[in-house]
Amino acid sequence: MRSILIWASALLLLLPLGSRAQLQSPDEFLPHHLGENFTPHHLLVDYFQHVAAASDRVQLIEYGRTNEKRPLLNAYVSTPENLARLDAIRENNLRRAGLLSGDPDPALDVAIVWLSFSVHGNESAGSEASMGVVYDLANPNNAQTSEWLKNTVVIMDPSLNPDGYSRYTHWFRGVTNVIANPDPTVREHREPWPGGRVNHYLFDLNRDWAWQTQVESQQRMKQYQRWLPHVHADLHEQYYNNPYYFAPAARPYHKYITDWQADFQVEIGKNHAKYFDRNGWLYFTKEVFDLFYPSYGDTYPTFTGAIGMTYEQGGHSRGGKAIIMPNMDTLTLYDRVSHHRTTALSTVEVASKNKDRLISNFGKYYQDTRANPRGMYKTYIIKGDNPQGKLQALCELLDKNGIRYGKSTGGGSFRAYDYQTGESTSVSVSSNDLLISAYQPFSTLTQVLLDPSAELEDSLTYDITSWSLPYAYGLEAYATTQRISIDNEFTIEGPSVTGVKADAYAYLANWESMQDARFLSDLLQADILVRYASAPFGLEGKSYAAGTLVITRSDNRKKADFVSRVDAIAKKHGKVVTSVETGFADSGQDLGSDAMRIIPAPKIALLSGENTFPNEFGQVWYYFEQRLEYPLGVYEANDLGRIDLSKYNTLIMPEGRYRLDGGTLDKINDWVNGGGRLIAIGNANASLAGKSGFSLEEYATSESEQAARKEAEEATLAGRFHDYAGAARREISESLPGAIFKLKMDNTHPLAFGLPDYYFSLKTGTLHYQPLKDTWNVGLIGDDPMISGFVGADSMKKMKNTVVYAVQDKGRGSVVYLVDNPLFRGFWENGLFLFSNALFFR
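Residues numbered from 1 in each chain as written. Predicted model: local features only at pLDDT ≥ 70, side-chain atom pairs only at ≥ 80, totals over all residues. Heavy atoms only, no water.

Participant: How should I be thinking about the overall build of the protein in this particular structure?
Facilitator: A count of helical and extended segments in the protein gives 23 helices and 38 strands. Against the globule reference of 28 Å for 842 residues, the protein gives a C-alpha radius of gyration of 28 Å, in line with a compact fold. With respect to the principal axes defined by its C-alpha atoms, the protein has extents near 85 × 65 × 60 Å. Within the span of the protein, comprising 842 residues, buried residues form 60% of the whole. (Helix = DSSP H or I, 4+ residues; strand = E, 2+ residues; numbered from the N terminus. Rg over C-alpha atoms; globule rule 2.2 N^0.38 Å. Buried < 20%, exposed > 50% of the residue type's maximum accessible area, 1.4 Å probe, protein only.)

Here it is as structure tokens:
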């Protein structure tokens with residue numbers, strides 16, 4: 001039996017006193033010694049259940065399930081006395097943060113440490129170490145940890161990514177030799193695609209803390225926000241030839257990180273170093289792993305008041321049970337587990353010995369940021385006449401992150417930064433506008449996610465450099481330095497969903513957001529014929545934009561339950577549908593015109609496998625299964641030449657590196673000419689560039705190609721005299737780690753329907769093409785684009801006057817070139833909507 005504490009239902013199942021089994025170490029409980037081999041996830045769970053059953057220092061909860069229905073666990077470890085008042089300790093900490101009313105009780109002050117293991121499943125030494133850590137903490141004969149737990153609660157998540165962990169460990173246990181082979185070239189060190197780093201949908205969960213697109217993140221963050229630990233350590237692995245990395249982190253730091261947070265990392269790092277020095281273990285600090293991008297397991301906790309840190313052990317998926325390193329030493333799994341076990345326990349030690357300082361500074365952090373937000377913008381104004389679906393999506397994300405919002409208590413006019421233009425303007429605040437104040441408990445997180453741009457103190461960074469939510473969600477928004485008084489009540493105003501009229505001539509629905517894409521998806525799956533307006537029109541005194549969905553009774557007259565199906569689907573999605581009595585337009589084309597084009601139900605083939613990038617394939621897969629809930633066929637990219645494309649009208653090439661021979665290219669060309677739609681995303685476009693039948697070319701003319709080659713040659717010649725020490729700095733001029741570009745959009749083309757004449761695109765690489773010949777160049781970067789984030793000087797030159805989104809008509813079909821990936825990490829809401837245009841509108 002196991003002891004389970006289920007917070008969500010407040011149900012506590014405890015074993016009767018006196019029935020506890022004898023606590024066993026991992027070596028005694030498992031069929032192998034810790035570090036001899038990888039432990040299957042079910043045995044990892046079994047061991048934590050055993051410890052909870054055998055120790056009065058541990059309570060275990062199952063806080064959720066993965067996509068593949070594996071349990072997600074939190075273990076709460078402390079003294080029996082602290083566990084008996086666990087919820088009171090938690091609530092006391094939230095009072096200190098200002099999230100619950102009342103004054104904190106000093107008698108309930110304990111340090112709260114959260115240890116997260118193996119968010120990347122194939123960095124499995126973390127989960128292996130978690131068993132040793134929980135045993136060390138639970139063992140009553142361990143005088144050192146017994147002392148620490150008197151004033152500390154340790155929260156452990158032994159496997160943040162059970163599906164990825166299981167994918168890797170099951171593969172490894174199936175291919176490894178009984179006698180470990182440390183040769184890096186043998187198969188047990190060559191993990192196959194897609195690898196265990198990622199979850200079921202091949203998302204990197206360590207980039208998902210803020211966006212919470214994945215079920216694991218969503219369920220974990222509910223628990224995290226219930227506690228708000230003072231210290232959070234995220235235990236990872238890196239490439240096997242690297243020594244151990246621990247805090248302090250590398251620059252750049254986000255400018256909202258406090259001196260206390262930066263300085264205390266150093267104290268923790270010095271404590272780790274004490275043990276590593278004693279054992280002669282190599283380590284490094286202050287390199288590579290920065291604190292900037294807000295959706296990591298170190299930065300997100302930092303922006304919510306914790307001391308957030310990443311620890312990185314060499315090993316990764318290549319490490320196996322043993323591997324020879326470049327220095328000819330052999331790194332074993334036992335070594336990796338020992339190192340993580342040491343830093344995890346050292347973290348608890350430092351927190352316990354500095355409990356009073358941690359709690360005092362945690363309280364001060366929240367007091368200071370609530371009263372005096374660190375950033376210049378104090379109120380963010382999201383206009384209430386933005387599309388309802390986009391407003392709803394933003395509110396859902398704010399709710400997931402505990403960010404409060406409301407509406408103005410008085411209105412008025414304010415000077416503000418205009419996200420759309422990048423300039424200062426005067427904006428009037430209306431009663432239906434959504435306002436987000438920085439004067440709230442999660443002040444720093446609010447500003448980090450909503451600021452138009454983040455100040456980068458050093459351009460050598462690890463990830464994207466811009467992510468501002470108004471750009472991601474495609475919202476008209478403003479940021480003001482003034483504090484605007486708001487209440488905490490906000491409802492999205494707009495027409496109510498009243499049901500459709502049974503005898504109407506047709507039904508019309510706006511096309512503005514992913515809410516509309518899901519509505520259309522369900523209509524097509526219900527066998528409802530839907531058209532879209534290819535140009536604006538007016539009808540019965542109302543104006544309708546291009547992209548409006550048109551559902552006529554005539555098109556669906558043979559479906560007996562047609563009206564009830566439309567009505568039920570509209571109500572399911574909260575979609576306002578306008579019933580009209582005539583097809584005779586006041587302006588523009590009538591509803592029976594060819595301008596009202598039929599939307600064929602997409603029949604989708606999605607390429608997968610080793611030629612595709614796992615994350616990017618997963619983003620497309622996730623879009624269809626979880627955001628659109630639409631069926632598709634997934635094929636190995638290597639089998640493209642053998643796929644019967646006649647069964648499909650849509651072929652999607654996710655980002656990857658494809659090997660397309662002449663026969664396969666001919667097959668794709670013939671299929672597109674016959675009416676198919678090919679959608680190429682990101683680096684997949686490089687596989688089509690310069691190929692017969694495709695308009696994609698890096699240079700539009702031979703002259704521009706020659707000019708680029710001349711410039712490159714001149715740079716090479718100049719590089720002969722560069723000094724060695726400045727190499728890294730010079731490389732950043734070619735860098736584009738991730739920045740937002742404002743594109744000029746031709747919103748008369750179906751690919752841009754529902755958008756204004758601009759679009760903010762998250763560009764995560766330097767892939768670029770000049771505007772294409774005989775092609776609709778729908779999304780373009782101009783000569784002087786508005787940018788948020790860092791772009792190297794040489795990269796900026798290359799990006800100017802290039803095409804980002806284009807459509808080539810070929811025969812009866814078309815090719816959609818999406819040079820930037822609009823589905824990146826699943827959080828760019830306006831990109832998901834743009835991709836829906838590529839999917840549905842032909």
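Participant: Please explain helix 2 (residues 41-54) as it appears in this structure.
Facilitator: Because each turn of an α-helix spans 3.6 residues, side chains separated by three or four positions in sequence point in the same direction. Here helix 2 contains 14 residues, and its C-alpha end-to-end distance of 20 Å stays within 8% of the 20 Å for a straight helix at 1.5 Å per residue. Across the 14 residues that make up helix 2, a large majority, twelve, are buried. Listed in full, the buried residues belonging to helix 2 are His41, Leu43, Leu44, Val45, Tyr47, Phe48, Gln49, His50, Val51, Ala52, Ala53 and Ala54. (Expected span 1.5 Å × (residues − 1).)

Participant: I'm lost on the pattern of salt bridges in this one. Help?
Facilitator: When the charged atoms of two side chains with opposite charge come close together, those side chains can pair. According to the stated counting rule, one finds 31 salt bridges in the structure shown. Ionic pairing is found between Asp368 and Lys364, a salt bridge with its closest N-O pair at 2.7 Å. Taken as a pair, Asp368 and Lys364 lie in helix 12 (residues 355-371) at a separation of four residues, close to a single helical turn. Overlapping salt bridges bring together Glu123, Arg197, Asp204, Arg207, Asp463 and Arg825 as one network. (Salt bridge = Lys/Arg side-chain N within 4 Å of Asp/Glu carboxyl O.)

Participant: Would you mind showing me how to read the sheet that holds strand 28 (residues 596-598) here?
Facilitator: To summarise the sheet geometry, strands pair through backbone hydrogen bonds and adopt either a parallel or an antiparallel arrangement. Spatially, 27-22-26-23-28 is the arrangement adopted by the five strands of the open sheet, whose pairing is antiparallel. Looking at the sheet topology across the chains shown, the edges are occupied by strand 27 (578-580) and strand 28. Between one strand axis and the next, the sheet turns by 30 degrees as a mean value, whatever way the strands run. Both strand 23 (residues 531-533) and strand 26 (residues 549-552) contribute to a ladder of two bridges, which runs antiparallel. Its bridge partner being in strand 26, Tyr532 is matched across the sheet by Leu549. The strands that helix 16 (residues 514-525) touches are strand 22 (506-509) and strand 26; relative to strand 26, the one it contacts most, it runs at about 30 degrees. (Pairing = 2+ DSSP bridges. Axes fitted to C-alpha atoms, helices over the stretch in contact; angles between N-to-C directions. Contact = heavy atoms within 4.5 Å.)

Participant: Where do I start with the environment of Pro631 in this structure?
Facilitator: One can find Pro631 in the loop between helix 18 (614-628) and strand 30 (633-636). Between the C-alpha atom of Pro631 and that of Gly792, which follows or precedes it by 161 residues, the distance is 41 Å. Sequence-distant contacts of Pro631, that is, excluding residues within four places in its chain, are made with Gln525 and Ile604.

Participant: Mind showing me how you'd approach unusual backbone geometry here?
Facilitator: Residues other than glycine predominantly adopt negative phi, and peptide bonds predominantly adopt the trans conformation. Cis peptide bonds are those with omega within 30 degrees of zero, and the linkage from Ala247 to Pro248 qualifies with 10 degrees. With respect to the element layout, Pro248 can be found in the loop between strand 8 (244-245) and strand 9 (250-253). Residue Pro252 is bonded to the preceding Arg251 through a cis peptide linkage, with omega at 10 degrees. Tracing the sequence through the fold places Pro252 in strand 9. In this structure, Met328 takes a positive phi of about 70 degrees despite not being glycine. In this fold, Met328 is placed in the loop between strand 13 (322-324) and strand 14 (330-332). The exposed category is assigned to Met328, whose relative accessible area is 62%. Of note, the phi angle at Glu540 is positive, near 50 degrees, even though the residue is not glycine. Looking at where Glu540 falls in the secondary structure, it is placed in the loop between strand 24 (537-539) and strand 25 (542-544).

Participant: Looking at this structure, I do not really get the sheet that holds strand 18 (residues 423-429). What am I missing?
Facilitator: Spatially, 18-17-20-15-19 is the arrangement adopted by the five strands of the open sheet, whose pairing is antiparallel. Every other strand in the sheet has two partners, leaving strand 18 and strand 19 (434-437) as the edge strands with one partner each. Between one strand axis and the next, the sheet turns through 35 degrees on average, direction left out of account. As paired strands, strand 17 (residues 412-418) and strand 20 (residues 477-480) are joined by two bridges and run antiparallel to one another. When the sheet's bridge partners are listed, Asp418 is paired in strand 20 with Tyr478.

Participant: Would you take a moment to explain the confidence of the model for the protein for this structure?
Facilitator: In regions of low pLDDT, the predicted coordinates are not meant to be interpreted in detail. Overall, the predicted model of the protein reaches an average pLDDT of 94, with 97% of residues at or above 70. Note on residues 1-18: pLDDT under 50 across the span, and 31 contacts to partners over four residues away in sequence or across chains. (pLDDT = per-residue confidence, 0-100.)

Participant: What's the story with the packing of helix 16 against helix 23 (residues 829-840) in this structure? I'm lost.
Facilitator: For any two helices packed against each other, one specifies the crossing angle of their axes together with the interaxial distance. Between helix 16 and helix 23, whose axes approach to 9 Å, the crossing angle comes to 35 degrees. Viewed along their axes, helix 16 and helix 23 form a crossing whose handedness is left-handed. Residues Met514, Ala517, Leu520, Ser521 and Leu524 of helix 16 pack against Glu829, Leu832, Phe833, Ser836 and Phe840 of helix 23. Each residue belonging to the contact of helix 16 with helix 23 can be placed in one class, and the counts come to seven nonpolar, two polar and one charged. (Left-handed = near helix turned anticlockwise from the far one by under 90°. Nonpolar A, V, L, I, M, F, W, Y, C, P; charged D, E, K, R; others polar.)

Participant: Any chance you could explain the packing of helix 5 (residues 125-138) against helix 11 (residues 333-353) here in plain terms?
Facilitator: For the pair helix 5 and helix 11, interaxial distance at closest approach is 8 Å and the crossing angle is 50 degrees. Classified by the interaxial angle, the pair formed by helix 5 and helix 11 is oblique. As for the relative orientation of helix 5 and helix 11, their crossing is right-handed in sense. Counting all contacts with helix 5, which are made through Ala125, Gly126, Glu128, Ala129, Gly132, Val133, Tyr135, Asp136 and Leu137, the residues of helix 11 involved are Leu333, Arg336, Val337, His340, Arg341, Ala344, Leu345 and Val348. (Parallel < 35°, antiparallel > 145°, perpendicular 65-115°, else oblique.)

Participant: Can you help me understand helix 7 (residues 162-175) in this one?
Facilitator: Helix length check: helix 7, at 14 residues, gives a terminal C-alpha distance of 20 Å against a target of 20 Å (1.5 Å per residue), a fit within 8%. The buried fraction of helix 7 is high, at ten of 14 residues. Within the span of helix 7, buried status applies to Pro162, Asp163, Gly164, Tyr165, Ser166, Tyr168, Thr169, Trp171, Phe172 and Val175. Here the buried face of helix 7 lies against helix 2, strand 4 (71-77), helix 5 and helix 8 (215-227).

Participant: What am I meant to see in the packing of aromatic side chains here?
Facilitator: We describe a pair of aromatic rings using the distance from one ring centre to the other and the angle between the two ring planes. Under the criterion given, the structure shown has 53 aromatic pairs. Between Phe38 and Tyr168, the ring centres sit 5.3 Å apart and the planes meet at 75 degrees, which makes this aromatic pair edge-to-face. Taken as a pair, Phe38 in the loop between helix 1 (26-29) and helix 2 and Tyr168 in helix 7 lie far apart in primary sequence, 130 residues in all. What makes Tyr168 buried here is its relative accessible area of 0%. Members of the aromatic cluster, joined through ring pairs, are Trp211, Phe292, Tyr293, Tyr296, Trp467, Phe827 and Trp828. The aromatic ring of Trp209 is capped on one face by Arg220, whose charged end is 4.6 Å from the ring centroid. Its guanidinium or amino end placed over the ring of Tyr253, Arg251 lies 3.8 Å from that ring's centre, counting from NZ or CZ. (Phe/Tyr/Trp six-rings, centres within 6.5 Å; stacked < 30°, edge-to-face > 60°. Lys NZ or Arg CZ within 6 Å of the ring centre and 35° of its normal.)

Participant: Would you mind going over the pairing of strand 26 with me for this structure?
Facilitator: Remember that side chains alternate between the two faces of the sheet whenever the strand is regular. Residues Leu549 and Ile551 line one face of strand 26 and the alternating positions Val550 and Thr552 line the opposite face, and both faces are buried. In this structure, strand 22 lies alongside strand 26, joined through four bridges in antiparallel fashion. Bridging across to strand 26, Ala509 finds its partner in Leu549.

Participant: Just to check I follow, could you spell out the side chain of Arg318 for this structure?
Facilitator: With respect to the helices and strands, Arg318 occurs in the loop between strand 12 (307-315) and strand 13. In contact with Arg318, other than residues within four places in its own chain, are Pro184, His189, Arg190, Tyr239, Tyr240 and Ile323.

Participant: It is not clear to me how the side chain of Ser788 should be interpreted in this structure. Could you clarify?
Facilitator: Along the chain, Ser788 falls in strand 36 (residues 787-788). Its relative accessible area of 5% is what places Ser788 among the buried residues. When neighbours within four sequence positions are excluded, Ser788 is seen to be in contact with Pro452, Ser453, Ser466, Tyr471, Ala739 and Ile740.

Participant: How should I be thinking about the environment of Ser431 in this particular structure?
Facilitator: Secondary-structure assignment places Ser431 in the loop between strand 18 and strand 19. Looking at Ser431, the relative accessible area reads 54%, which means it is exposed. Separated by 325 residues in sequence, Ser431 and Pro106 have C-alpha atoms that sit 42 Å apart. Beyond its immediate chain neighbours, meaning those up to four positions away, Ser431 contacts Lys407 and Glu493.

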